[in-house]
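Results of the structural survey
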Amino acid sequence: MKPGAISPQVQGFFDPATWTVTYVVHNGPGSACAIVDPVLDYDPKAGRTGHGSADKVAAYVRANSLKVEWILETHAHADHLSAAPYIKSQLGGRIAIGSHITDVQKVFKGIFNLEPDFRLDGSQFDHLFQDGEAFQVGDLTGEVLYVPGHTPACVAYRIGDAVFVGDTLFMPDVGTARCDFPGGDAKTLYASTRRLLSLPPQTRLFMCHDYPPGDRAVAFETTVAEQRAHNIHVHDGVSEEAFVAMRTRRDATLEMPVLILPSVQINIRAGQLPPAEDNGIAYAKIPLNVL
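Read on for a plain summary of the structure. Treat the numbers as computed from the prediction; the structure is a model and nothing was measured. (Residues numbered from 1 in each chain as written. Predicted model: local features only at pLDDT ≥ 70, side-chain atom pairs only at ≥ 80, totals over all residues. Heavy atoms only, no water.)

**Side note on the overall build of the protein chain**
Here is the rule we go by: Here a helix means four or more residues in a row that DSSP labels H or I, a strand means two or more in a row labelled E, and each is numbered from the N terminus. For a compact globule the rule gives 2.2 Å times the number of residues to the power 0.38, and the radius of gyration it is set against comes from C-alpha atoms. Throughout this description, buried means an accessible area under 20% of the type-specific maximum (1.4 Å probe, protein chains only), exposed means over 50%, and partly exposed covers the range between. Working definition of accessibility: Shrake-Rupley area with a 1.4 Å probe, residue cover restricted to the visible protein chains.
If you tally the helices and strands in the protein chain, you get 7 helices and 15 strands. What you see for the protein chain is a C-alpha radius of gyration of 18 Å, in line with the 19 Å of a compact globule of 291 residues. By its C-alpha atoms, the protein chain is 55 × 50 × 40 Å across when sized along the principal axes. When burial is assessed residue by residue, the protein chain has 53% of its 291 residues classed as buried. Just so you have it, the protein chain exposes about 12,500 Å², and 53% of that area is on carbon and sulfur atoms.

**A few points about the packing of aromatic side chains**
Put simply, the rule is: Working definition: a ring pair exists when centres of Phe, Tyr or Trp rings (six-membered ring for Trp) sit within 6.5 Å. Plane angles under 30 degrees give stacked, over 60 give edge-to-face, the rest tilted.
Using the criterion set out here, one finds 15 aromatic pairs in the structure. Look at Phe164 and Phe206: their rings are 5.3 Å apart centre to centre, the planes differ by 20 degrees, and that puts the pair in the stacked class. Highlighted residues: Phe164 in strand β13 (residues 162–164) and Phe206 in strand β14 (residues 204–206), separated in sequence by 42 residues. Judged by its relative accessible area of 1%, Phe164 is buried. On the accessibility criterion, Phe206 (3% relative accessible area) is buried. With centroids separated by 5.6 Å and ring planes inclined at 45 degrees, the aromatic side chains of Tyr190 and Phe243 adopt a geometry described as tilted. With a gap of 53 residues between them, Tyr190 in helix α4 (residues 186–197) and Phe243 in helix α6 (residues 240–251) connect regions that are remote in the sequence. By relative accessible area, Tyr190 is classed as buried at 12%. Residue Phe243 is classed as buried on the basis of its relative accessible area of 0%. An aromatic cluster is built from Phe14, Trp19, Phe170 and Tyr211, whose rings are joined through pairwise contacts.

**Some points on the nonpolar core**
Formally: Residues enter a nonpolar core if they are buried and are Ala, Val, Leu, Ile, Met, Phe, Trp, Tyr or Cys, with the set joined through side-chain atoms within 4.5 Å. The contact rule is simple, with two residues in contact once any of their heavy atoms fall within 4.5 Å.
Ranked by size, the top nonpolar core spans 38 residues in total, and within it Val24, Ile35, Val61 and Ile268 carry the most contacts. Sorting the residues of this core by element identifies β3 (32–36), α1 (52–63), β6 (67–72), α2 (84–91), β8 (94–98), α3 (101–112) and α7 (260–267) as the ones contributing at least two each. Counting residues per element, this core draws most heavily on α1, at 5 residues. Ignoring anything within four residues of it in the chain, the contact list for Val24 reads Gln9, Val10, Gln11, Phe13, Cys33, Ala34, Ile35, Val57, Tyr60, Val61 and Leu66. With 22 residues, the next largest nonpolar core counts Leu197, Leu199, Val234 and Met246 among its residues.

**What about α1?**
What counts is decided by this rule: Expected span of a helix: the number of residues minus one, times 1.5 Å. Arc definition: directions from the helix axis to the C-beta atoms.
Along its 12 residues, α1 runs 16 Å from first to last C-alpha, staying within 8% of the 16 Å computed at 1.5 Å per residue. Listing the buried residues of α1 in full gives Ser53, Ala54, Val57, Ala58, Tyr60 and Val61. Viewed along the axis of α1, the buried residues span an arc of 155 degrees, placing them on a single side of the element. Structural note: α1 exposes Lys56 and Ala63 on the side pointing more than 90 degrees away from its buried face. Among the structural elements, β1 (9–15), β2 (20–26), β3, β4 (39–43), β6 and α2 are those in contact with the buried residues of α1. Of the residues one or two after α1, Ser65 is the one with positive phi, at around 55 degrees.

**Looking at the side chain of Gln265**
The condition that has to hold: Distance and chemistry together define a polar contact, namely a pair of N or O atoms within 3.5 Å, with one atom able to donate a hydrogen and the other to accept it when in protein, and with adjacent residues in sequence counting only for side-chain atoms on both sides.
Among the structural elements, Gln265 can be located in helix α7. Side-chain polar atoms of Gln265 contact the backbone oxygen of Lys285, separated by 2.7 Å. For Gln265, the residues in contact, after removing those within four places along its chain, are Phe112, Ala284 and Lys285.

**Quick word on α3**
Taking 1.5 Å as the rise per residue, α3 with 12 residues should run 16 Å; its terminal C-alpha atoms sit 16 Å apart, in good agreement. The elements touched by buried residues of α3 are β8, β9 (127–129) and α7. Asn113 sits one or two positions beyond α3 and adopts a positive phi of about 50 degrees.

Below is the structure:
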């Protein structure tokens, strides 16, 4: 069936430490599934990783007798480490991301002065998706939508009537993603948001994060219609010029995410830790006075 023709089951797992949502999308118990944006626990004070968040996802997959076919990354995240390799080791599946990850790898290999044999061809991932590429999750058909602007490599995944938007959009009362990371661009993000918001009004949109204002409870599902009517940054009637001006002003006031330095250098490796040094320990680099 074409994307949008059916309504798959979607289970979200919210990680309060990083405000990130991991999704399992499937067509019922015993079916194939895809896992979107899995989180690896990370203690920045101790430099220690853990699998508690990923194990909750794995437990759900096993309880529903699901078969993991894809582990989908919407982009190289700057706010959490990816648990994709751990999920693959526990449940199988292929790790995939958009093909423009190579652009991000080129930028950050220089920033982190990574090892000379670090490859810039995206081959750390099992599959690189092209814009518009179709893929199967059992009897569900998915489609890849290239939605750059937050980073040069962002993609959204449309599976049935559900779209996993990554960091392009947040809940309507939060707005849109920042564009001040290397390779980000507010004008490009505006075009990407309009691409998503041109989908049928009833299309379900699933956020990668939620940062609820005030005392609102955490939420991470909305619709195209709700975003077009109420998104504080890109509701219908907001021009590209107004959006770029707002986004530029706002981004100038934002601090870097707490985990950007360990996250990016690991996530451009498809979640693998850097190679261990001669003492058997892997190290994350902290470039000083660069970002």
